[in-house]
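# Structural characterization, general
Spelled out from the first residue to the last, the chains are:
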Amino acid sequence: MKMYNFNSGPAILPAEVLQQAAEAVIDFNHIGLSILEIGHRTEWFVNVLEEARSLVKELMQLDDSYEVLYLQGGATQQFMQVPMNLLDEKATAAYCDNGIWGAKAIKEAKLFGNVHIACSSKDREHTYIPRELSVPQDSAYLHYTTNNTVEGTQWNFIPEANVPLVADMSSDIFSREMPFSKYSLIYAGAQKNAGAAGATIVVVKKDILGKVSRAIPSILNYSNHIEAKSLMNTPSVFAVYVSLLTLRWIKKEGGLPEMERRAQERADLFYDTLDSLDAFMGKVDKRDRSLMNATFTTQNPEHEKLFLDICKNNGMVGVKGYRTVGGLRVSMYNSLPLSSVQVLCDLMKDFNEKHG
Ligand SMILES: *Cc1c(COP(=O)(O)O)cnc(C)c1O
């Protein structure tokens, strides 16, 4: 039996995407070859890559001043690749310090230039999104994480700054409508909302490139990837294909407005249930709750393991909190059916009856 999948990443994919991906492993588009055994410079794969790149732009409603790249190394590589390409040695970049992933980005940026902390939620264990930001006028850019996957907070507004905006959207990309043209660079590992692990999407506005004085290794230089149309070397062919299938699915289902409607519906069901039960409590400020990753705990700490066992016995996976943070967390990405959230909520209500 298929499990209820609340994994944080790699995460749930639409059933039809898995079916199509499986078929392509045996026979890609009826060409008599597997997707795994075609050359990356063949017309077959170039078409896959070009369609994926243009679908990203279409879903985000971006014009030709932007380029979409499929790179490797995950979002984690972007923590260093962003400052390497955008931050000069003596210059300053502003960073929001709102969680584990943002902190990792800050650590890497410090290897390349100065980092100014524009805001921090460290004082309350990153359980909220700060409203006040300080961004020096001469910052090369402002970096923030739109959705804090581990902590369960999400920015539901765009930070004000008169400098280029850079965002790690790994865990909420393609889950809601946003004015994407306000950003100069957006990156995301594909394995949460945009496909399979191994592909990293980078959306970059061309006019921010070419301004740093350091020598950038060829493979890490965004400009080279743009020039090579994301084919500098062998891309993660299969992961790019799964990403294309996922993007086609998003478009077919109604695009970002529909993804947002579903996310809101799932989150409302989950959080309303959570707030109605004494046995559980949320971990973050209500107004900053993530629509993608909900973090919570049992009122009685000793009940946590019991609840996790119940989830497991009922075919649920991914309910445990991040390894260094603990507690409970459920991830509710684009393709998670509302019915899975309903099953979880019913279990929580049942647990509340017995242990609340
Ligand atoms: C998962 C995640 C990452 C790390 O992604 P990798 O692709 O594993 O490097 C970075 N940032 C955010 C917000 C994430 O959710």
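As the structure is a prediction and not an experimental result, all values here were calculated from the model.

Analysis parameters
Residues numbered from 1 in each chain as written. Predicted model: local features only at pLDDT ≥ 70, side-chain atom pairs only at ≥ 80, totals over all residues. Heavy atoms only, no water. Phe/Tyr/Trp six-rings, centres within 6.5 Å; stacked < 30°, edge-to-face > 60°. Lys NZ or Arg CZ within 6 Å of the ring centre and 35° of its normal. Pairing = 2+ DSSP bridges. Helix = DSSP H or I, 4+ residues; strand = E, 2+ residues; numbered from the N terminus. Axes fitted to C-alpha atoms, helices over the stretch in contact; angles between N-to-C directions. Contact = heavy atoms within 4.5 Å. 1 Å grid on protein atoms, 1.4 Å probe; cavity = no way out; pocket = protein on both sides within 12 Å on 5 of 7 lines; lining within 4 Å. Points joined across faces, edges and corners; volume = space filled by probe spheres on them. Nonpolar A, V, L, I, M, F, W, Y, C, P; charged D, E, K, R; others polar. Buried < 20%, exposed > 50% of the residue type's maximum accessible area, 1.4 Å probe, protein only. Arc of directions from axis to C-beta. UniProt positions renumbered as here; feature names shortened; annotations may be inferred. Near = heavy atom within 4 Å. Polar contact = N/O pair within 3.5 Å; in protein donor to acceptor, adjacent residues only side chain to side chain. Areas by Shrake-Rupley, 256 points an atom, 1.4 Å probe, with all protein chains shown as cover.

### With respect to the packing of aromatic side chains
Two aromatic rings, taken as a pair, are described by how far apart their centres are and by the angle between their planes. As enumerated under the stated definition, the model contains 14 aromatic pairs in all. Cluster of aromatic residues (ring-pair linked, three or more members): Phe-270, Tyr-271, Phe-280, Phe-296, Phe-307 and Phe-351. Seen from the ring of Tyr-128, Arg-124 lies directly overhead, with NZ or CZ sitting 4.2 Å from the centre.

### Observations concerning the sheet that holds strand S9 (residues 185-189)
Read across the open sheet, the seven strands follow the order S2-S10-S9-S8-S5-S3-S4; overall the sheet is mixed. The sheet terminates laterally at strand S2 (66-71) and strand S4 (114-120), the two strands that pair on one side only. Along the sheet, successive strands turn relative to each other by an average axial angle of 20 degrees, direction set aside. In the packing of helix H3 (residues 74-86) onto the sheet, contacts are made with S2, strand S3 (92-97), strand S8 (165-168), S9 and strand S10 (200-205), and the angle to S9 comes to roughly 155 degrees. Helix H4 (residues 100-109) contacts S3, S4, strand S5 (142-145), S8 and S9 of the sheet and is inclined by roughly 160 degrees relative to S3.

### Overview of empty space enclosed by the protein
Rolled over the atoms, a probe sized like a water molecule indicates the empty space that remains. A complete count under the given rule lists one cavity of 30 Å³ or more for this structure. By volume, the largest cavity amounts to about 50 Å³. In terms of lining, the largest cavity is formed by Ile-12, Leu-13, Pro-14, Lys-192, Asn-193, Ala-194, Thr-246, Tyr-333, Asn-334 and Ser-335. When the residues that make up the lining of the largest cavity are grouped by side-chain class, the tally is five nonpolar, four polar and one charged.

### Points about helix H8 (residues 303-313)
When we look at burial in H8, the residues that qualify are His-303, Glu-304, Phe-307, Leu-308 and Cys-311. Taken down its axis, H8 places every buried residue within 140 degrees of arc, on the same side. Projecting away from the buried face of H8 at angles above 90 degrees are the exposed residues Lys-305, Lys-312 and Asn-313. Against the buried residues of H8 lie strand S11 (280-282), strand S12 (293-298), strand S13 (316-317), strand S14 (328-331) and helix H9 (338-355). In the segment just after H8, Gly-315 is the residue with positive phi, at about 80 degrees.

### As for the pairing of S2
Most of S2 is tucked away: six of the six residues are buried. Pairing of S2 with S10, which is carried by six bridges, proceeds in the antiparallel orientation. Along S10, the bridge assignment pairs Val-68 with Val-203.

### Overview of the UniProt feature "domain: Aminotransferase class V" (unreviewed entry) in the chain
Under the UniProt annotation, the feature "domain: Aminotransferase class V" (unreviewed entry) is placed at residues 3-341. Secondary structure across residues 3-341 comprises 33% helix and 17% strand; the distance between its end C-alpha atoms is 12 Å.

### Structural notes on the UniProt feature "binding site: pyridoxal 5'-phosphate" (unreviewed entry) in the chain
According to UniProt, the "binding site: pyridoxal 5'-phosphate" (unreviewed entry) feature falls on Ala-75, Thr-76, Trp-101, Thr-149, Asp-168, Gln-191, Asn-233 and Thr-234. Spanning 160 residues, the named residues are also spread out in space, since their farthest C-alpha pair is 30.6 Å apart. Here the residues from the annotation list that line the largest pocket are Ala-75, Thr-76, Trp-101, Thr-149, Asp-168 and Gln-191. Relative to the assigned elements, Thr-76 resides in helix H3. Note on Thr-76: relative accessible area 46%, which makes it partly exposed. Inspection of the secondary structure puts Thr-149 in the loop between strand S6 (147-148) and strand S7 (153-154). For Thr-149, a relative accessible area of 4% corresponds to the buried category.

### Observations regarding the site of the ligand
Residues in close proximity to the ligand total 13 residues, the closest being Thr-76, Thr-149, Asp-168, Gln-191 and Lys-192. One of the side-chain N or O atoms of Thr-149 is found 2.4 Å from an oxygen atom in the ligand. At a separation of 2.7 Å, a nitrogen atom of the ligand approaches a polar side-chain atom of Asp-168. Compared with its free state, where it exposes 390 Å², the ligand has 87% of that area covered by protein. Per element, the largest residue contribution to the shell around the ligand is four residues, and it comes from H3. The residue makeup of the shell around the ligand, split by class, is three nonpolar, eight polar and two charged.

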